[in-house]
Every structure is written in structure tokens, then in C-alpha cells.
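Fold and geometry: a report
Chain by chain, the residues:
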Amino acid sequence: MPVVAKSKPHTLVAVWFMDGTTFAGSVSPGYVALDWQNAGTGDFNRDGHTDLLWRSASTGQVAVWFMDRVTFAGSASLGYVSLDWQN
């Protein structure tokens, strides 16, 4: 599974690829607003590539970034989850 991180204050997203505990490379597929946090990864569109799940800490909105290997291929809003819920 890749490691997802974002920088402050520019909120550049970085995806780190790991081979066990060894760093194997990285890509930066784009930017997210400061209040958006990575909520997980998974193959949400069943294309064989790991996608990125995001959640807004201020609104509870959930969105997915569909990835084509290391390239951003689109996104979808999945609705809202109460701010009472934590991932």
C-alpha cells in the first residue's frame, strides 16, 4: 500500500511507494484544500489501481480521487459523513 502525505501550507499531495520498508519512489498527483485529510486508499472503481479517499475535516464531505497508476484520472463526491465520525 502506498503512503499518502500532504505538505503545508501548499497542500501538495505526495504518494510514496514502498517495497516493504524501503522507499521505492514517489509522485505528486495534485493539491487538496488544507482541511481535506486522506481517509484511506483502495481500488474504488475496480480498475486494478489504488485510488485515494479524502474527507473534509470542516464539512464531512467525502471524495475519491481515481488514479491511473500514478496519474490523477478523475474524482467523485461520495456525500457527507457526520463530523462526529472519525476515520
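Everything below is about the structure printed above this text.
Let us look at the structure shown here. These numbers were taken from a predicted model, which means no experiment stands behind them.

**Re the packing of aromatic side chains**
Applying the stated criterion across every chain yields a total of 3 aromatic pairs. Look at Trp16 and Phe23: their rings are 6.4 Å apart centre to centre, the planes differ by 85°, and that puts the pair in the edge-to-face class. Here the aromatic residues Trp54, Trp65 and Phe72 are joined through ring pairs into a cluster of three or more.

**Details of the nonpolar core**
Within the largest apolar cluster, 9 residues are counted, these being Val13, Val15, Val32, Trp36, Leu52, Trp54, Ala63, Trp65 and Met67. When contributions to this core are tallied by element, the ones reaching two or more residues are strand 2 (12-19), strand 5 (51-56) and strand 6 (61-68). It is strand 6 that provides the largest number of residues to this core, a total of 3 residues.

**Topic: the side chain of Thr11**
Topologically, Thr11 is positioned in the loop between strand 1 (3-6) and strand 2. Within the local environment of Thr11, its side chain forms a polar contact with the backbone oxygen of Val32, the two atoms lying 2.4 Å apart.

Rules of the game
Residues numbered from 1 in each chain as written. Predicted model: local features only at pLDDT ≥ 70, side-chain atom pairs only at ≥ 80, totals over all residues. Heavy atoms only, no water. Phe/Tyr/Trp six-rings, centres within 6.5 Å; stacked < 30°, edge-to-face > 60°. Core = buried A, V, L, I, M, F, W, Y, C linked by side-chain atoms within 4.5 Å. Buried < 20%, exposed > 50% of the residue type's maximum accessible area, 1.4 Å probe, protein only. Helix = DSSP H or I, 4+ residues; strand = E, 2+ residues; numbered from the N terminus. Polar contact = N/O pair within 3.5 Å; in protein donor to acceptor, adjacent residues only side chain to side chain.

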